[in-house]
Amino acid sequence: MPAGEHPHYLAYLAELGMPDLHPLGRRASNALIRCLHLRPGDRVLEIGCGTGATLARIGLAHAVFLDGLEALPGMLRMAQARLRLTGLLGRAHLAQSQVGAPLPLPDEAYDRVYTESVLGFQDAAGARTLLAEVFRVLKQGGLYVANEVVWRKPVSPEVVAAINAACLADFGLRLASELPWSVDDWLGLMREVGFRVISGERLEDQVALGSAPGRSFSVGLLLSEAFTLTQRLKGTLSPALRRQRARYRRRLREHRSDGLYIEARLFVLEKGRNAR
């Protein structure tokens, strides 16, 4: 299938090199980075790294080692190009992974793991599998930070099923979890897997606390921004992508009221040192 004609909304966004595909965008990523409490030499994993924008920000501001997993080939290709341009491939490794499958990684390999709008889209089995896999690959005392969309409460199972079915048909992904899991349901599942919950605050509240620590300017960051702008410019020159843009804009307008049923949370979890 030609580029730009893929039925998955994220595949379309990948062709544009779009960063920050989650609520509150870059400000949310900055809040997440702050909550990671990164230390020199940490090994950091992003699951669902998209076009690599957050990996680039972390790598350019912190002396850490980075791994990224991504299911969509278009996203992975863009992330590779971004990290190559910013000079980070020497201490960053990217690989393709399958949704719902065990992570192709060894036990207790990472000091920090994070996701941005990945966990919240899963079906019930996929959510449990992903949380268990994150727990497995984290070192004792390691942190998992997740910027995720959850259902507000109360939302009926019928409303959740209807919205998710429409989103799957129009965009190729759910709006939020398969079941009407609110923040309390997610926290219960996280504890069931073995995590110690440090916080699960509203994302807006965490964003209000300030931006991520680290350098505010670098040539690498400018190159990353230039990469995004270049890919978006290419999108404006592609007839196929212009058709996709018009179609998705119409669909997004039709789904505008969906946002009334969801909220964004920033979860900070620890694998306790006496965890199983």
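Structure: above.
Residues numbered from 1 in each chain as written. Predicted model: local features only at pLDDT ≥ 70, side-chain atom pairs only at ≥ 80, totals over all residues. Heavy atoms only, no water.

Brief notes about the overall build of the protein
Note the following rule: Secondary structure counts use DSSP, requiring at least four H or I residues in a row for a helix and at least two E residues in a row for a strand, with both numbered from the N terminus. Our radius of gyration looks at C-alpha atoms and nothing else; its globule reference is 2.2 Å times the residue count to the power 0.38. Here the term buried applies to any residue with accessible area under 20% of the maximum for its type, exposed to any over 50%, and partly exposed to those in between, with areas from a 1.4 Å probe on protein chains only. For the purpose of charge, His is not counted, nor are the chain termini; Lys and Arg are scored as positive and Asp and Glu as negative. Lysine's charge is taken at NZ, arginine's at CZ, aspartate's at CG and glutamate's at CD.
Of regular secondary structure, the protein possesses ten helices and seven strands. For a compact globule of 276 residues, the expected C-alpha radius of gyration is about 19 Å, and the protein comes in at 18 Å, within 12% of that figure. The buried share of the protein, taken over its 276 residues, is 54%. In the protein, which carries 36 positive and 28 negative side-chain charges, the distance between the mean positions of the two groups comes to 7 Å.

Description of a positive patch on the surface
Here is the rule we go by: Note on patches: the residues involved have over 30% relative accessible area and no salt bridge, like charges join within 9 Å, and the nonpolar side chains Val, Leu, Ile, Met, Phe, Trp and Tyr join within 5 Å. Per-residue and other accessible areas were derived by the Shrake-Rupley procedure at a 1.4 Å probe size, with only the shown protein chains allowed to occlude residues. Criterion for a salt bridge: a side-chain nitrogen of Lys or Arg within 4 Å of a carboxyl oxygen of Asp or Glu.
A contiguous patch of positive charge on the surface is contributed by Arg 249, Arg 250, Arg 253 and Arg 256. Within the secondary structure, Arg 253 is located in helix α10 (residues 239-254). Residue class for Arg 253 comes out partly exposed when judged on its relative accessible area of 48%.

Brief notes about the pairing of strand β5 (residues 138-151)
Cut-off, in case you're wondering: Two strands pair if DSSP finds at least two bridges between them. Handedness rule for crossovers: strands pointing away from the viewer, path from the first strand over the helix to the second running clockwise, crossover right-handed.
Among the 14 residues in β5, twelve count as buried, and that is most of the element. One ladder, built from six bridges, connects strand β4 (residues 110-116) with β5; its direction is parallel. The partner of Tyr 110 across the bridge, within β5, is Leu 138. In this view, the connection linking β4 to its parallel neighbour β5 by way of helix α5 (residues 124-137) has right-handed handedness.

What about the sheet that holds β4?
Sheet strands pair via backbone hydrogen bonds, and the direction of the pair is either parallel or antiparallel. Here is the rule: Axes here mean lines fitted to C-alpha atoms, for a helix over just the part in contact, with angles spanning 0 to 180 degrees between N-to-C directions. Two residues form a contact once any of their heavy atoms are found within 4.5 Å.
Pairing within the open sheet is mixed, and its seven strands lie in the order β3-β2-β1-β4-β5-β7-β6. Because the sheet does not close on itself, it has two edges, and the strands there are β3 (92-96) and β6 (196-202). Strand-to-strand twist across the sheet, computed as the mean angle between neighbouring axes with direction ignored, equals 15°. Where β6 lies against strand β7 (residues 262-270), six bridges are found, and the strand directions are antiparallel. Pairing of Val 197 across the sheet is with Leu 269, part of β7. Of the strands in this sheet, β4, β5 and β7 are in contact with helix α2 (residues 25-36), which crosses β5 at around 155°.

Focus on the packing of helix α9 (residues 219-237) against α10
Convention followed: Any angle that is under 35 degrees is reported as roughly parallel, and any over 145 degrees as roughly antiparallel; angles of 65 to 115 degrees are reported as roughly perpendicular and all others as oblique. In the scheme used here, Gly and all other residues not listed as nonpolar or charged are polar, with Ala, Val, Leu, Ile, Met, Phe, Trp, Tyr, Cys and Pro taken as nonpolar and Asp, Glu, Lys and Arg as charged.
Axis separation between α9 and α10 bottoms out at 5 Å; the angle between their running directions is 95°. In this view, α9 runs roughly perpendicular relative to α10, as classed from their interaxial angle. Mapping the contact onto sequence places Gly 235, Thr 236 and Leu 237 in α9 and Pro 239, Leu 241, Arg 242 and Arg 245 in α10. Of the residues in the contact of α9 with α10, the class split is three nonpolar, two polar and two charged.

Looking at the environment of Arg 82
Of note, Arg 82 is situated in helix α4 (residues 73-85). Here the alpha-carbon distance between Arg 82 and Leu 221, two residues 139 residues apart in the chain, equals 10 Å. Ignoring anything within four residues of it in the chain, the contact list for Arg 82 reads Gly 17, Pro 19, Thr 51, Gly 52, Ala 53, Ala 56, Ser 224, Phe 227 and Thr 228.

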